[in-house]
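Examining the three-dimensional arrangement
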Amino acid sequence: MAVSFEEFKNQAKKILDIDLDGYKLDRVERRTKSLMRRHNVKDFDECLNLLKHDTEFKDAYLNHFTINTSEFFRNPENFDFLKNNIFPEMFAEKRKIKIWSAPCSNGSEPYTLAIILNELNIDPSRYEILASDLDRSILEKAKKGEYRENSLKNVSDRYLKKYFTAIDGENSAYRLNTDIKSQVKFEQKDLINAPYSGSWDLILCRNFFIYLTKDMKNYLINKFTNVLNTGGYLFLGNTEYIFSPDKYGLEKIFQSFYKFNG
Ligand SMILES: C[S@@+](CC[C@H](N)C(=O)[O-])C[C@H]1O[C@@H](n2cnc3c(N)ncnc32)[C@H](O)[C@@H]1O
C-alpha cells in the first residue's frame, strides 16, 4: 500500500532527526512534493528510501526544507531602530552585551550587527555575538563570508567599500572583511530540540516562527525568554507577531522589538 504523507512525516522525522511536527504541516508537504518533482521521485515510499540511503538527496531535502533566504540589513528600519535607540541605551547601561542570532542562516544577520556596532565605535571587547542554525552547509557559507548582490541590496556603497572586498573575477560577489567576520561565533544547533543556555541581552529570532505551528512558536517564545535578561530584547521578523506578549513578560516597543520585563 502506498505510504501516506502522515506516515512519511513520521518516518522522515526519525531519519532526519528533526521534529517535523513543529513546522506548519501543509508547508512541509508542499516543500516535500516540490523536491520530489524536481528529483523525479514518484511517491513518498521512494522518497523515504532516498532519505535513508542517498546522502546527497538527504542533504538536498534538508536544504530545500530549511529555506535559507537572508540578507544584510533585512527590513532596514528595524536595524536603524537598533542602531539609534536600543544599542546606545544598552551600552550606556552595561559594560558587556551578549547577542544571539537564532537562526542566523548565511550570516548576513549577525554580520549586520557587527557592522552596526563598528559604526557606533563600540569596542569589540564589549560585545559577544553568537549565531546558530540547524543547517551545517549554510553555516559553512556563513563562516566563509562571501556574498552576492541578492544579499547585499540594502548595503550602502559606503559600507560596501568599508567592510567588503570585491572578489576577483566574480561578477558582483564580495567578501566580508576579516575583522567583521572575527566578531561573530557560529554554532550548529537545533532550536527546537536542543536546550538553550547563557543569558542574553538581545535575541534575534527572525523569519523562523513563520514556518512553525502556533504551539511550537509559543513553546520557543518561552524557551527564549528563559534565557533573556530582564530588560533585554527579542527581535522578530517583519511579519511575525506575538499575541498577548504580556503572557511572556514581553512588551512590544517598536515594530518587531519586544522588551522583556521579567
Ligand atoms: C529564513 S532563514 C532566517 C535567517 C535570518 N534570521 C533572517 O531573518 O534573515 C530561516 C533559517 O532557519 C533555519 N532553521 C530551520 N529549522 C531550524 C531549527 N529547527 N533549528 C535551527 N535553525 C533552523 C534554516 O536553516 C534557515 O537558515
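Notes on the structure in this doc start here. (Residues numbered from 1 in each chain as written. Predicted model: local features only at pLDDT ≥ 70, side-chain atom pairs only at ≥ 80, totals over all residues. Heavy atoms only, no water.)

What to know about the overall build of the protein chain
The number of helices and strands found in the protein chain is 11 helices and 10 strands. In terms of C-alpha radius of gyration, the protein chain reaches 20 Å, essentially the compact-globule figure of 18 Å for 262 residues. Based on the C-alpha atoms only, the size of the protein chain along its principal axes is roughly 65 × 55 × 25 Å. Expressed as a percentage of the 262 residues in the protein chain, the buried residues total 51%. In the protein chain, 73% of the contacts between residues at least 6 apart in sequence involve partners at least 24 apart. With the model as given, the accessible surface of the protein chain reaches about 13,000 Å², and the carbon-plus-sulfur share is 47%. Of note, the protein chain has its 40 positive side-chain charges centred 2 Å away from the centre of its 38 negative side-chain charges. (Helix = DSSP H or I, 4+ residues; strand = E, 2+ residues; numbered from the N terminus. Rg over C-alpha atoms; globule rule 2.2 N^0.38 Å. Buried < 20%, exposed > 50% of the residue type's maximum accessible area, 1.4 Å probe, protein only. Contact = heavy atoms within 4.5 Å. Areas by Shrake-Rupley, 256 points an atom, 1.4 Å probe, with all protein chains shown as cover. Lys, Arg positive; Asp, Glu negative; His and termini not counted. Charge placed at Lys NZ, Arg CZ, Asp CG, Glu CD.)

A word on the pairing of strand S2 (residues 127-133)
Counting buried positions along S2 yields six of seven residues, so the element is predominantly enclosed. Bridge count between strand S1 (residues 97-101) and S2: five bridges; the pairing is parallel. Its bridge partner lying in S2, Lys-98 is registered against Glu-128. Handedness of the crossover is the feature at issue here: the chain leaves S1, passes through helix H6 (residues 108-119), returns alongside S2, and the resulting connection is right-handed. Sheet topology places S2 next to strand S6 (residues 184-188); five bridges connect them, and they run parallel. Of the residues in S6, the one forming a bridge with Ala-131 is Phe-186. (Pairing = 2+ DSSP bridges. Right-handed = clockwise from strand over helix to strand, strands pointing away.)

Side note on empty space enclosed by the protein
Scanning all chains against the criterion turns up one cavity of 30 Å³ or more. The space that makes up the largest cavity amounts to roughly 330 Å³. Forming the walls of the largest cavity are 23 residues, and the residues nearest its centre are Thr-66, Ile-67, Pro-103, Asp-133 and Phe-208. For the lining of the largest cavity, the class distribution of residues is 10 nonpolar, six polar and seven charged. In this structure, the lining of the largest cavity is formed jointly by two domains, domain 1 (5-65) and domain 2 (76-260), each of which donates at least three residues. (1 Å grid on protein atoms, 1.4 Å probe; cavity = no way out; pocket = protein on both sides within 12 Å on 5 of 7 lines; lining within 4 Å. Points joined across faces, edges and corners; volume = space filled by probe spheres on them. Nonpolar A, V, L, I, M, F, W, Y, C, P; charged D, E, K, R; others polar. Domains from an automatic or database assignment.)

With respect to the sheet that holds strand S4 (residues 164-166)
Neighbouring strands of a sheet are bound in pairs by backbone hydrogen bonds; such pairs are parallel or else antiparallel. The three strands are arranged S3-S5-S4 in an open sheet whose pairing can be described as antiparallel. Two strands in the sheet have a free side with no partner beyond their single neighbour: strand S3 (146-148) and S4. Along the sheet, successive strands turn relative to each other by an average axial angle of 35 degrees, direction set aside. Summarising the sheet, S3 and strand S5 (residues 173-176) pair through three bridges and their orientation is antiparallel. By the bridge assignment for S5, Tyr-147 is matched with Tyr-174. (Axes fitted to C-alpha atoms, helices over the stretch in contact; angles between N-to-C directions.)

Brief notes about the environment of Gly-231
Of note, Gly-231 is situated in strand S8 (residues 228-236). For Gly-231 and Arg-136, which are 95 residues apart along the polypeptide, the C-alpha to C-alpha distance reads 32 Å.

Things to note about the site of the ligand
Around the ligand there are 21 residues in total, and Tyr-23, Ser-70, Arg-74, Asp-133 and Asn-207 lie nearest to it. A distance of 2.6 Å separates an oxygen atom of the ligand from a polar side-chain atom of Asp-133. Because more than half of its atoms lie within 2 Å of the grid, the ligand is assigned to the largest cavity. Classifying every residue of the shell around the ligand by side-chain character gives eight nonpolar, six polar and seven charged. (Near = heavy atom within 4 Å. Polar contact = N/O pair within 3.5 Å; in protein donor to acceptor, adjacent residues only side chain to side chain. Sits in = over half its atoms within 2 Å of the grid points.)

Here we look at the pattern of salt bridges
Tallied over the full model, the rule gives 13 salt bridges. A salt bridge links Glu-6 to Lys-9, with the shortest nitrogen-to-oxygen separation between them at 3.3 Å. Within this pair, Glu-6 and its partner Lys-9 are both found in helix H1 (residues 5-16), separated by three residues, close to a single helical turn. Look at Lys-9 and you get buried, because its relative accessible area is 5%. Across the pair Glu-71 and Lys-153 runs a salt bridge whose closest N-O atoms are separated by 2.9 Å. Here Glu-71 is found in the loop between helix H4 (55-66) and helix H5 (76-93), whereas its partner Lys-153 is found in the loop between helix H8 (149-152) and helix H9 (157-163), with 82 residues between them in sequence. With relative accessibility at 57%, the residue Lys-153 sits in the exposed group. (Salt bridge = Lys/Arg side-chain N within 4 Å of Asp/Glu carboxyl O.)

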